[in-house]
Amino acid sequence: MTTTQTRPTRIGEATIAEFAAGLRGTVVRPGDADYDHERSIWNGAHDRRPTLIARCAGVADVIRTVDLARSEGLPLSVRGGGHSIPGFSTVDDGIVLDLSLMKGVQVDPARRRVAAQAGCTWKDLDAETQQFGLAVTGGLVSSTGIAGFTTGGGIGWLVRKHGLASDNLVGADVVTADGQFIHASADENPDLFWGLRGGGGNFGVVTSFEYQLHEVGPTVLSGLVFYPAEEAEQVLRGYRAACAAAPDELTTLVNMTTAPPVPFLPEWVHGKPVIAVGGCWSGDPDAGEAATASFRSLGTVIADVFAAHPYAGWQQALDPLYPRGVHNYFRSAFLRAADDASVRVLLDSFAASPNAMTEIHLHHLGGAVGRVPAEATAFALRDQEFIVNVIARTPTAEGFTDVVEWARGVTSALGPDVAAYVNFTGEANTTLVRASYPADTYRRLVQLKNEYDPTNLFRLNQNIAPTV
Ligand code: FAD
């Protein structure tokens, strides 16, 4: 759907052969049996043909790949988990730096820390940390990469209790645009550390993330409760009131959607619009029923599948609903509060949903997110109680433009100046990038970009353009 600015650049066969020979990982090129598989990403809307895909096995491979892209003047696409909605993790006529072979995870249970290589997904990380009853805020779909997720912010089921994924980052190893390998933390390169926590992939390739962990599970009271769409207004208003009284241990969201044909829903509702409330209670197990009760009695309950689930299992529960390969577009809007006007927009937009695959999510934030000072990280919009994520999907390209227009219309109706979230933005759009940061934060991001990537080698991202 979206287009990437590229110019066809030829790279010599000898250069490629020398590059491939020096790599511990592999190089995939047009004509190779696995080329079509390796060039594809989660979002089927982006069908691009890279010149080469470097499947890096370690830091040395990453440095070599960054050096090759810079010296050859080729567009460079950095791929962690490949879940970029705008398709930044693939590119026409350029180099894909693929980190998916780099999945090492080292948990230090005594210090409650984990070091994870940048090719990990949340499924990889949760499997290792949950072995020790530990976790850090991860994505709602377990195949999402830790890399893009964390550098953009990172909202998940533990966000109100433990903050964003990026709030739990204590250090990162980074390959910069000039091929240097440096560490970023509160003590080393603190300016870069600030930018990596919300500024996206603008400043370098993170090869390893170190996170603070927390005791979570092994089971958490979690699930979904489904209400009829006819009661959407009552449910949304009740949800807003329940959120105002929710403890930090409870993270919830609303999904205005279409009932999937799953066995836990009665057949009569399959394919009909419904409003679902999902949640995860990560506090004292004995207090969970009482803490979630107000969210589970907002209307006529069609099905309530809240139960004590293994945390890692709950992290994977929604995976089948977001399959790889269909056409996707996301559009987001932070809401300082879910006022009556915003609730009306969500209700009217839901009623006008163009197909059964489109959804509107309303995530409750606050809690630990709001307690971090706005200037502490590049993710600075911490006084917003909710974030709306509009999900527009079609099975193929047919009708995709229409659902994209619908999604854009939803956030425009929420206001001309609504702030966006870089990780839920489905297109490369400089206006939306600016709308993702307060003015002071954006200025600081530009300074950082000028320092670390003045030639904008890392431009396939929600781009902070350098000014030097
Ligand atoms: P990739 O496509 O691999 O990378 C996306 C971008 O991140 C790259 O273009 C690059 O700019 C940057 N990047 C990737 N790797 C690195 C690296 N090693 N170093 C520096 N920069 C890098 N977001 C949430 O906050 N909460 C959710 O619950 C959530 N759920 C999602 C569910 C689905 C099905 C999808 C598709 C997305 C979801 N997202 C969510 C959005 C997600 O956070 C972003 O799409 C994120 O960019 C995905 O990271 P990735 O590594 O998988 O993506």
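For the structure, see preceding data.
The rules we used
- Residues numbered from 1 in each chain as written.
- Predicted model: local features only at pLDDT ≥ 70, side-chain atom pairs only at ≥ 80, totals over all residues.
- Heavy atoms only, no water.
- Phe/Tyr/Trp six-rings, centres within 6.5 Å; stacked < 30°, edge-to-face > 60°.
- Helix = DSSP H or I, 4+ residues; strand = E, 2+ residues; numbered from the N terminus.
- Buried < 20%, exposed > 50% of the residue type's maximum accessible area, 1.4 Å probe, protein only.
- Near = heavy atom within 4 Å.
- Polar contact = N/O pair within 3.5 Å; in protein donor to acceptor, adjacent residues only side chain to side chain.
- Areas by Shrake-Rupley, 256 points an atom, 1.4 Å probe, with all protein chains shown as cover.
- 1 Å grid on protein atoms, 1.4 Å probe; cavity = no way out; pocket = protein on both sides within 12 Å on 5 of 7 lines; lining within 4 Å.
- Points joined across faces, edges and corners; volume = space filled by probe spheres on them.
- Nonpolar A, V, L, I, M, F, W, Y, C, P; charged D, E, K, R; others polar.
- Pairing = 2+ DSSP bridges.
- Axes fitted to C-alpha atoms, helices over the stretch in contact; angles between N-to-C directions.

Draft legend 1. Representation of the packing of aromatic side chains within the structure. The tally for this structure, following the rule as stated, stands at 12 aromatic pairs. Aromatic side chains Tyr239 and Phe386 sit 6.3 Å apart centroid to centroid with 50 degrees between the ring planes, which places their arrangement in the tilted category. Note that Tyr239 is positioned in helix α8 (residues 232-244) and Phe386 in strand β19 (residues 386-394), a separation of 147 residues in sequence. Taking 4.9 Å as the distance between ring centres and 80 degrees as the angle between the ring planes, the aromatic pair formed by Tyr421 and Phe424 counts as edge-to-face. With a relative accessible area of 13%, Phe424 lands in the buried category.

Draft legend 2. Structural view of the site of the ligand. The full set close to the ligand counts 33 residues, and Gly80, Gly82, Ser89, Ile155 and Tyr421 are the nearest of them. Take Gly82: an N or O atom from its main chain is 2.7 Å from an oxygen atom of the ligand. Contact with the protein chains covers 96% of the free accessible surface of the ligand, which is 950 Å². Taken together, the elements giving at least two residues each to the shell around the ligand come down to β3 (76-79), α5 (146-152) and β10 (205-212).

Draft legend 3. Local environment of empty space enclosed by the protein. Across all of its chains, the model carries 3 cavities of 30 Å³ or more by this definition. Contributing to the lining of the largest cavity are Gly152, Gly198, Phe334, Ala378, Phe379, Ala380, Leu381, Ala420, Tyr421, Val422, Ser436 and Tyr437. A class-by-class count of the residues in the lining of the largest cavity yields 9 nonpolar, 3 polar and no charged.

Draft legend 4. Spotlight on the sheet that holds strand β9 (residues 181-185). Taken in spatial order, the 5 strands line up as β5-β6-β10-β8-β9 in an open sheet, and their pairing is antiparallel. In this open sheet, the two edge strands, each paired with only one partner strand, are β5 (105-108) and β9. Neighbour to neighbour, the strand axes of the sheet diverge by 15 degrees on average, direction disregarded. Strand direction decides the pairing type here: strand β8 (residues 169-175) and β9, joined by 5 bridges, are antiparallel. The residue bridging Val175 from the neighbouring strand is Phe181, located in β9.

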